[in-house]
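In case you want the letters, here they are:
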Amino acid sequence: FVFIVNQKNPVKGLTRQQVRDIYEEKIKDWGEVGGDKAKVEAFRRERDSGSRELFDALVMQGKQLTEGQGYNRLYAASMGGPYSQVTQNKDGIGYSIYYYEHFMAASAFTRTVPIDGVEPTAETIASGKYPWVTHIYVTNREGEPADSPAMKLVKWLTSPEGQAVVRESGYVPEK
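Residues numbered from 1 in each chain as written. Predicted model: local features only at pLDDT ≥ 70, side-chain atom pairs only at ≥ 80, totals over all residues. Heavy atoms only, no water.

Further remarks concern helix 4 (residues 98-105). Residues Tyr-98, Tyr-100 and Glu-101 constitute the buried set of helix 4. Of the surrounding elements, those touching the buried residues of helix 4 are strand 1 (2-6), helix 3 (81-88), strand 4 (92-96), strand 5 (110-112) and helix 5 (122-127). (Buried < 20%, exposed > 50% of the residue type's maximum accessible area, 1.4 Å probe, protein only. Helix = DSSP H or I, 4+ residues; strand = E, 2+ residues; numbered from the N terminus. Contact = heavy atoms within 4.5 Å.)

Okay, the layout of surface pockets next. A volume near 940 Å³ is recorded for the largest pocket. As for the largest pocket, its lining consists of 33 residues, of which Thr-134, His-135, Ile-136, Tyr-171 and Val-172 are closest to the centre. Secondary-structure elements contributing two or more residues to the lining of the largest pocket are helix 2 (50-59), helix 4, helix 5, helix 6 (149-157) and helix 7 (160-168). A class-by-class count of the residues in the lining of the largest pocket yields 19 nonpolar, 11 polar and 3 charged. (1 Å grid on protein atoms, 1.4 Å probe; cavity = no way out; pocket = protein on both sides within 12 Å on 5 of 7 lines; lining within 4 Å. Points joined across faces, edges and corners; volume = space filled by probe spheres on them. Nonpolar A, V, L, I, M, F, W, Y, C, P; charged D, E, K, R; others polar.)

Bringing the nonpolar core into the picture now. Membership of the largest hydrophobic core comes to 30 residues, with the highest contact counts inside it found for Phe-3, Tyr-23 and Ile-93. The element contributing the most residues to this core is helix 2, with 4 residues. (Core = buried A, V, L, I, M, F, W, Y, C linked by side-chain atoms within 4.5 Å.)

For the rest of this paragraph, the subject is the side chain of Asn-9. When you line up the elements, Asn-9 lands in the loop between strand 1 and helix 1 (16-23). Given the relative accessible area of 5%, Asn-9 is considered buried. Of note is the side chain of Asn-9, whose polar atom sits 2.9 Å from the backbone nitrogen of Val-11. Asn-9 has contacts with Trp-30, Lys-90, Gly-92 and Arg-111, leaving out every residue within four places of it along the chain. (Polar contact = N/O pair within 3.5 Å; in protein donor to acceptor, adjacent residues only side chain to side chain.)

Attention shifts here to the pattern of salt bridges. In a structure, side chains of opposite charge can pair up when their charged atoms sit close to one another. Tallied over the entire structure, the rule returns 6 salt bridges. Here Asp-116 ties to Arg-16 by a salt bridge, and the two come within 2.5 Å at their closest N and O atoms. Placement of the pair is Asp-116 in the loop between strand 5 and helix 5 and Arg-16 in helix 1, with a sequence separation of 100 residues. Looking at Asp-116, the relative accessible area reads 36%, which means it is partly exposed. When its relative accessible area of 36% is taken as the criterion, Arg-16 is described as partly exposed. Residues Asp-91 and Lys-90 are paired through a salt bridge, measuring 3.5 Å at the closest nitrogen-oxygen approach. Since its relative accessible area comes to 36%, Lys-90 is described here as partly exposed. One salt-bridge network, in which partners are shared between bridges, spans Glu-24, Lys-26 and Lys-63. (Salt bridge = Lys/Arg side-chain N within 4 Å of Asp/Glu carboxyl O.)

Here's what the structure looks like:
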């Protein structure tokens, strides 16, 4: 889970608490976090988006923000919305998932923000050094026969070949 800003934003990084304070409107000016004196424009996704659910769980740790509160505006109803907003607004901040940011959006007009001094990369995510990560699991029914298609898929996904496909797909493979 990553935060993006306009490429022209001079902020070098944020702490987890600063991000929460931005979205709770305790920090309202980029000058308070090492940027230019300018009003922070914090964008967030609509409630039924996966990235919004991750934001609420990982970043806000379950604390609910009021819809329409101050400058916390909603994106368009797509994964590309954050990039459109932050590309057009040099004082904007938004969020996305690493996979989308790194492999699909690949915007020349935005960049990720290091959190607690850690840039989100495949290496920092895999090592657990980057703070906001979530895991994607493959599950199967208890007692599933070892030769069933489901178990064959699980076995293949955890094989070197399967992990290579996970990596090529833009996700961070298991350790």
